[in-house]
Amino acid sequence: MVFGIKALISRIPESNRFERIWKLAQVDFKKRYYNDRLGLLWAFINPVLKVFIYFIVFSRIMARVSDDIPNFALFIFSAIIFWMCFVEMMRKGMRVLQQKRYIIQNIKVQKEDLYISNSISILIGFGFNLLAYLIIAYLFGVRYSGSIIFMPIIILTTTLLGTGMGMILSIIYIFFRDINHVLDIIVLLGFWTSGIFFPSSKIIAFWKPLYYLNPFVGIMDNVRSMIVYGSKINLEIMSINLTFGLVIFASGLSLVNKYSYLAIERL
Amino acid sequence: MLSHKQNKKEIQALKDLNLKIKKGEIYGVIGRNGSGKSTLINIIMGSIPANKGSKIITRGKMMRLSLGLGVDDNLSARDNIYVNGSIIGLSFKTIGAIFNDIIEFAGLDEFVDTPVKFFSKGMKQRLMFSIAMHADADVFLLDEFFGGTGDEDFKKKSDEAFRRKILEGRTIIIVSHSMRIITKYCDRAIWLNKGKTIKMGKTEDVVTAYKQSFVKNQDS
């Protein structure tokens, strides 16, 4: 027992590791709004304007299309903020080794920290989006169900998937820069098979295994249960998704530990 | 940039290298571009693994210092100090405590919250140098760290600070093209060429031999 604890403590790295992760995340986030007059306010204005546009489009212009889905604007927007968070983590993660080269080169640092701080900076932006959404949805009369307590798990799953994919892609990127273009296609494919514009029932009707193969189908379903319809979530699919996320993250981590040194020679 | 094949060759060539640097020693690495200096530094740092059978034993916290790297143009001097400070191993508390020293030393009192992109090259270098002065490590790898930083006044000041803050009690490996710097600071040195050790030993001897090689090349 004592040995176990000792081993655990020795795994805790030098004291400023978490500070460093946090600081890198903070400045990454800050940098995005540095040059803008309204600065950080944009992180909040942007999602509000987006919801407004979705609302106008789907309640007026395309009203007939969305007839059979109640609260269609919220239905879409809730899914999109999760999807964008994932895509951004993946895209930026892919470039981490290149962009943080000055750190890797100059100090011994656990490489995964760079990916984690990257994801945290994106999570900050995501937090603004989610907050804006929750306020707007509330004003629209949505009442959240008790299952909203599972929200952190869904966010964790999304983060594990995004960070893990970012790690995997960043290693592929060392050998094969064209992955950039391939990624665009994968993102597009993912977008249309995750049920962002239509309910998961259509995906299950199309090809059932996709429900389990693409974790985002389940994530979107559960997100909507929580913050659009205030109904119960599907705990089974949530656990499957989380497991999926852990597997992707672990794969990314082992790839990064094994091959990231090549970035110094090749990028 | 080196191709992979070339790199492989260099690492193999460095396999025959048996380098022991004592604690508190200042060691110079010289050689032309592409001679394997950076590979050596990267291997010591552990950022590139050495070939099988090689043994790299290092003790203590290591840090590579090179000017010009690491300043983020879009961030203010304040943020750069915090980011770089934590990268070089300082806690926020420590950075907070030495913050004013860094700013004062760099002479940037009025520009603490100005984005670094509006700084002149000299100001940036002064900032980086002042941050590096406070680095917390046992072993320093100085990769062309001295690049004529700032004006004469700052040069003098930084030279003195360098001696007082970095040289004291630390193990240092200096990579430089400047024989003046190598001769000034290093106890021993190694001369690399295309990954092979040409000469190692006392700085004077190595530098003299290195300089002679240029004369010979010019004659032939």
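As the structure is a computational prediction, the values presented were derived from the model and not from experiment.

Conventions we followed
- Residues numbered from 1 in each chain as written.
- Chains lettered and ligands numbered in written order.
- Predicted model: local features only at pLDDT ≥ 70, side-chain atom pairs only at ≥ 80, totals over all residues.
- Helix = DSSP H or I, 4+ residues; strand = E, 2+ residues; numbered from the N terminus.
- Rg over C-alpha atoms; globule rule 2.2 N^0.38 Å.
- Contact = placed C-beta atoms within 7 Å.
- Buried ≥ 20, exposed ≤ 12 C-beta atoms within 10 Å, placed from the backbone.
- Pairing = 2+ DSSP bridges.
- Axes fitted to C-alpha atoms, helices over the stretch in contact; angles between N-to-C directions.
- Nonpolar A, V, L, I, M, F, W, Y, C, P; charged D, E, K, R; others polar.
- Domains from an automatic or database assignment.
- Parallel < 35°, antiparallel > 145°, perpendicular 65-115°, else oblique.
- Left-handed = near helix turned anticlockwise from the far one by under 90°.

Novice: Pulling in residues and values, what's your account of the overall build of chain A?
Specialist: Tallying secondary structure elements over chain A gives 14 helices and zero strands in all. Ordered by position from N to C terminus, the α and β elements of chain A give α-α-α-α-α-α-α-α-α-α-α-α-α-α. A globule of 267 residues ought to have a C-alpha radius of gyration of about 18 Å, and chain A, at 20 Å, matches this closely. Once the C-alpha set of chain A is aligned to its principal axes, its extents read approximately 60 × 45 × 45 Å. Residue pairs in contact within chain A that sit at least 24 positions apart in sequence constitute 75% of those at least 6 positions apart.

Novice: Tell me what's going on with the overall build of chain B, and back it up with residues and numbers.
Specialist: Summing up its helical and strand segments, chain B has eight helices and six strands in all. The linear arrangement of helices and strands in chain B, starting from the amino end, is α-β-α-β-α-α-α-β-α-β-α-β-β-α. At a minimum sequence separation of 6, the contacts of chain B that also span at least 24 residues come to 73%.

Novice: How would you summarise unusual backbone geometry if you had to cite specific residues and measurements?
Specialist: Residues and elements named next belong to chain B. Positive phi, close to 45 degrees, is recorded for Lys 194, a residue that is not glycine. Relative to the elements of secondary structure, Lys 194 occurs in the loop between β5 (188-193) and β6 (196-202). With 14 C-beta atoms counted inside 10 Å, the residue Lys 194 sits in the partly exposed group.

Novice: Before we move on, could you go through the sheet that holds strand β2 (residues 62-65) of chain B and cite the residues and values that matter?
Specialist: All names here are of chain B. Here we have six strands laid out as an open sheet, ordered β2-β3-β4-β1-β5-β6, and mixed in their pairing. Across the chains shown, the open sheet's two edge strands, defined by having one partner strand only, are β2 and β6. Here the average twist between neighbouring strands, direction ignored, is 15 degrees. Alignment of strand β3 (residues 139-143) against strand β4 (residues 171-175), held across five bridges, turns out to be parallel.

Novice: Pulling in residues and values, what's your account of the environment of Thr 163 of chain A?
Specialist: Residue and element names in this part refer to chain A. Relative to the elements of secondary structure, Thr 163 occurs in helix α8 (residues 151-175). A count of 27 C-beta atoms within 10 Å places Thr 163 in the buried class. For the pair formed by Thr 163 and Ile 21, sequence separation is 142 residues and the distance between their alpha carbons is 14 Å. Ignoring any residue separated from it by four or fewer positions in sequence, one finds Thr 163 in contact with Met 89, Gly 93, Tyr 115, Ile 116, Ser 119, Phe 249 and Gly 252.

Novice: Quick one: what's the story with the interface of chain A and chain B, residue by residue and with numbers?
Specialist: Between chain A and chain B, the contact holds 20 residues from the first and 27 residues from the second. At the level of secondary structure, the elements contributing two or more residues to the side of chain A that touches chain B comprise α2 (17-33), α6 (101-106) and α14 (262-266) of chain A. Per-element accounting of the side of chain A that touches chain B gives the leading share, six residues, to α2 of chain A. In terms of residue class, the side of chain A that touches chain B is built from nine nonpolar, four polar and seven charged.

Novice: So what's going on with the pairing of β4 of chain B? Residues and values would help.
Specialist: Within a regular beta strand, the side chains point alternately toward one face of the sheet and then the other, so they alternate between its two faces. Residue and element names in this part refer to chain B. Of all five residues in β4, five are buried, a share of seventy percent or more. Inspection of the sheet shows strand β1 (residues 26-30) paired to β4 by four bridges, in the parallel sense. Bridge pairing in β4 links Ile 26 to Ile 172.

Novice: Account for the domain arrangement of chain B, with residues named and values stated.
Specialist: All names here are of chain B. By the assigned domains, chain B splits into domain 1 (1-60 + 138-220) and domain 2 (71-135). Taken together, the contact between domain 1 and domain 2 spans eight residues of the former and five residues of the latter. Taken together, the residues of the side of domain 1 that touches domain 2 sort by class into three nonpolar, three polar and two charged.

Novice: Just give me the short version of the pairing of β5 of chain B, but keep the residues and values in it.
Specialist: All names here are of chain B. Where β1 meets β5, four bridges bridge the pair, whose relative direction is parallel. Looking at β5, one finds that Gly 28 is bridged to Ala 189. The pairing of β5 with β6 spans six bridges and is classified as antiparallel. Each residue of the ladder has a partner; that of Leu 192, found in β6, is Thr 197. Hairpin connection, β5 to β6: the antiparallel pair is bridged by two residues, and Lys 194 has positive phi, about 45 degrees.

Novice: Summarise the packing of helix α4 (residues 72-94) of chain A against α8 of chain A; cite the residues concerned and give the values.
Specialist: Axis angle and axis distance: for two packed helices, these are the angle between their axes and the distance between the axes, and together they describe the pair. All names here are of chain A. Between α4 and α8, the shortest axis-to-axis distance is 7 Å and the interhelical angle comes to 30 degrees. Here α4 lies roughly parallel to α8, going by the angle between them. Remark: the crossing between α4 and α8 carries right-handed chirality. Side by side, α4 and α8 meet where Phe 82, Cys 85, Phe 86, Met 89, Met 90, Lys 92, Gly 93 and Met 94 of the first sit next to Thr 158, Thr 159, Leu 161, Gly 162, Thr 163, Met 165, Gly 166, Met 167, Leu 169, Ser 170 and Tyr 173 of the second. The class makeup of the residues in the contact of α4 with α8 is eleven nonpolar, seven polar and one charged.

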